Amino acid sequence: MNRSVNLVARSLGFAWVGVLAFGLYPPEGRPELLFQAIAYGVAALGLLGWALSDYAPRDARYRRRVYLLALGVIAATMGAASVSGTDGGMAMVIFALVAAMAAGGDGDLVPAIAVTAAGVLATEVSGLAFGASAPTLIGFPVVIASGLLVGRNRAAFRVKAEQAAALLVQRERLEAEQRRADLLDERTRIAREIHDVLAHSIGALGIQIQAARSVLTDYGDIDRAVELLSAAQRMAGEGLTETRRAVHALRSDTLPLAEELAKAASTYGERYRVAVSLDTEGTPRPVPAEATVALLRVAQEALVNAVKHGAGKPVTVRLDFDAAWVRLTVRNEVEAVAPRVVELSTVNAGYGLTGMRERLRLLGGTLEAGPDGTCWVVTAQVPLSPSN
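How each quantity is defined
What you see as residue numbers is a count from 1 along each chain, following the sequence as written. Local features are withheld for residues below a pLDDT of 70 in this predicted model, meaning they are given only at 70 or higher, and side-chain atom pairs are given and counted only at 80 or more; totals for whole chains, interfaces and linings count all residues. The basis for every side-chain value is the complete set of heavy atoms in the structure, and neither hydrogens nor water enter the calculation. Each helix is a run of DSSP H or I of at least 4 residues and each strand a run of E of at least 2, with the numbering of both proceeding from the N terminus. Throughout this description, buried means an accessible area under 20% of the type-specific maximum (1.4 Å probe, protein chains only), exposed means over 50%, and partly exposed covers the range between. Contacts were defined at the residue level, with two residues in contact if any of their heavy atoms lie within 4.5 Å. The method behind every accessible area is Shrake-Rupley, applied with a 1.4 Å probe, and residues are considered shielded solely by the protein chains displayed. Ring geometry is summarised as follows: Phe, Tyr and Trp rings, the Trp one being its six-membered ring, pair when their centres sit within 6.5 Å, and such pairs are stacked at plane angles under 30 degrees, edge-to-face over 60 and tilted between the two. We call a charge positioned above a ring when the Lys NZ or Arg CZ atom is no farther than 6 Å from the ring centre and deviates by at most 35 degrees from the ring normal. Points on a 1 Å grid over protein atoms alone make up a cavity when a 1.4 Å probe fits among them but cannot get out, and a pocket when they form an open set with protein on both sides within 12 Å along at least five of seven lines; lining residues each have an atom within 4 Å of a point. Grid points are joined across faces, edges and corners, and a volume is the space filled by probe spheres set on the points. Think of it as three bins: nonpolar holds Ala, Val, Leu, Ile, Met, Phe, Trp, Tyr, Cys and Pro, charged holds Asp, Glu, Lys and Arg, and polar takes everything else, Gly as well. Between the N-to-C directions of two axes lies an angle of 0 to 180 degrees, each axis being a line fitted to C-alpha atoms and, for a helix, fitted only over the stretch in contact. Here the word oblique covers every angle except those under 35 degrees (roughly parallel), over 145 (roughly antiparallel) and from 65 to 115 (roughly perpendicular).

## Overview of the overall build of the chain
Moving on, step 1. Helix and strand counts for the chain come out as 10 helices and 5 strands.
Moving on, step 2. In the chain, which comprises 388 residues, the share counted as buried stands at 38%.
Moving on, step 3. Long-range contacts, defined as pairs at least 24 residues apart, comprise 71% of the intrachain contacts of the chain with a sequence gap of at least 6.
Moving on, step 4. On the chain, roughly 22,200 Å² of surface is accessible, and the fraction owed to carbon and sulfur atoms is 61%.

## A look at the packing of aromatic side chains
Moving on, step 1. Within this structure, the stated rule accounts for 5 aromatic pairs.
Moving on, step 2. Seen from their ring centres, Phe 14 and Tyr 40 are 4.2 Å apart, and the 15° between their planes marks the pair as stacked. One end of the pair, Phe 14, is in helix α1 (residues 2–24); the other, Tyr 40, is in helix α2 (residues 30–55), with 26 residues separating them in the sequence.
Moving on, step 3. For Tyr 40, a relative accessible area of 17% gives the class buried.
Moving on, step 4. The aromatic ring of Trp 50 is capped on one face by Arg 10, whose charged end is 4.0 Å from the ring centroid.
Moving on, step 5. Between the NZ or CZ atom of Arg 327 and the centre of the ring of Trp 325, over which it lies, the distance is 4.2 Å.

## Digging into the layout of surface pockets
Moving on, step 1. Here the second largest pocket defines a volume of roughly 760 Å³.
Moving on, step 2. Forming the boundary of the second largest pocket are 21 residues, of which Asn 6, Asp 54, Tyr 67, Asp 106 and Arg 154 lie nearest the centre.
Moving on, step 3. Elements with a minimum of two residues in the lining of the second largest pocket: α1, α2, α3 (63–82), α4 (93–106) and α6 (134–219).
Moving on, step 4. The residue makeup of the lining of the second largest pocket, split by class, is 8 nonpolar, 4 polar and 9 charged.

## Remarks on the packing of α4 against helix α5 (residues 109–129)
Moving on, step 1. At a closest axis distance of 8 Å, the pairing of α4 and α5 adopts a crossing angle of 170°. When the interaxial angle is binned, α4 and α5 end up roughly antiparallel. Residues Ala 99, Ala 100, Ala 103 and Gly 104 of α4 touch α5, and the partners they reach there are Ala 112, Val 115 and Thr 116.
Moving on, step 2. In the contact of α4 with α5, the residues fall into 5 nonpolar, 2 polar and no charged.

What follows is the structure, encoded as structure tokens:
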């Protein structure tokens with residue numbers, strides 16, 4: 001698409017220069033007219049070569065040579081023709097400027113200097129031959145040389161943009177690897193906890209079943225056997241409950257909730273170079289492991305979404321303790337917030353917290369997410385028992 005647009009723009013500009021030079025303001029002398037016509041025709045061949053190099057395969061050996069040769073031809077012929085007459089012919093210097101700019105922006109420095117030098121030299125020689133004025137002999141070469149500087153600046157900005165894009169892709173890959181590593185760590189921890197819980201529960205269950213069988217086979221005491229089997233059933237239920245808790249619980253060396261959130265806030269602040277503040281209100285209380293991991297996951301999810309939708313903007317994390325509950329609030333500015341209240345179930349595309357809401361619901365907690373002015377606010381609350 002860009003190649004076609006550029007080709008059309010160059011063609012229209014070249015045609016308009018021809019109208020000015022030969023239709024509206026033709027040169028007065030026949031030699032000037034003949035020289036400009038020949039130069040214009042040769043420059044047209046240069047434009048054709050430019051177009052062919054644009055549409056040639058990128059790995060073609062001749063592509064680069066044709067491209068630079070075409071630019072050199074355009075710069076030399078249009079520069080020479082621009083000082084061979086008056087009025088409309090002077091507009092031809094525009095294409096000498098464009099050729100130098102293209103060479104400086106897309107080529108190496110040495111070929112770009114060669115293209116520019118060809119245009120400047122042809123302009124000087126032609127100007128002296130046709131008796132151009134001193135301002136023309138100085139000004140037109142300066143115009144052509146300025147195209148080289150503009151092209152080099154353009155190339156430098158393009159290189160910076162490509163480097164920034166490459167760094168962004170690398171950052172996204174690193175983030176994906178980090179998320180994968182975090183997921184593997186979480187699965188390892190859960191597997192270890194489930195192993196411990198099941199080993200204890202199944203071991204106790206096996207002892208109770210063996211005792212019940214002994215009572216039946218040795219003594220025929222059905223009531224006692226039923227009692228032992230009932231105890232085994234209770235153990236199975238308790239083991240199932242503990243297994244479910246193990247999926248949500250942290251390791252036994254888990255830090256208090258406030259410290260875990262402080263670590264998460266510091267990590268995300270350093271990783272994404274944003275200001276993440278943590279405030280604690282009320283008297284801190286012990287929080288069960290399953291509630292700690294649930295609130296920590298909510299905070300991590302909210303921080304990741306804050307980076308996605310409000311890059312570089314500060315994030316505020318607040319932890320409130322009450323006699324009956326603990327509340328986590330994550331507030332961040334976003335680029336644009338819908339004026340209406342957004343249902344949490346519709347937030348998956350931008351703030352995927354629906355799964356965390358279900359996790360809190362198992363603990364009797366709640367999770368809300370929605371806009372508040374220019375901010376997006378995520379609030380999670382978990383009840384605490386009086387013994388905590």
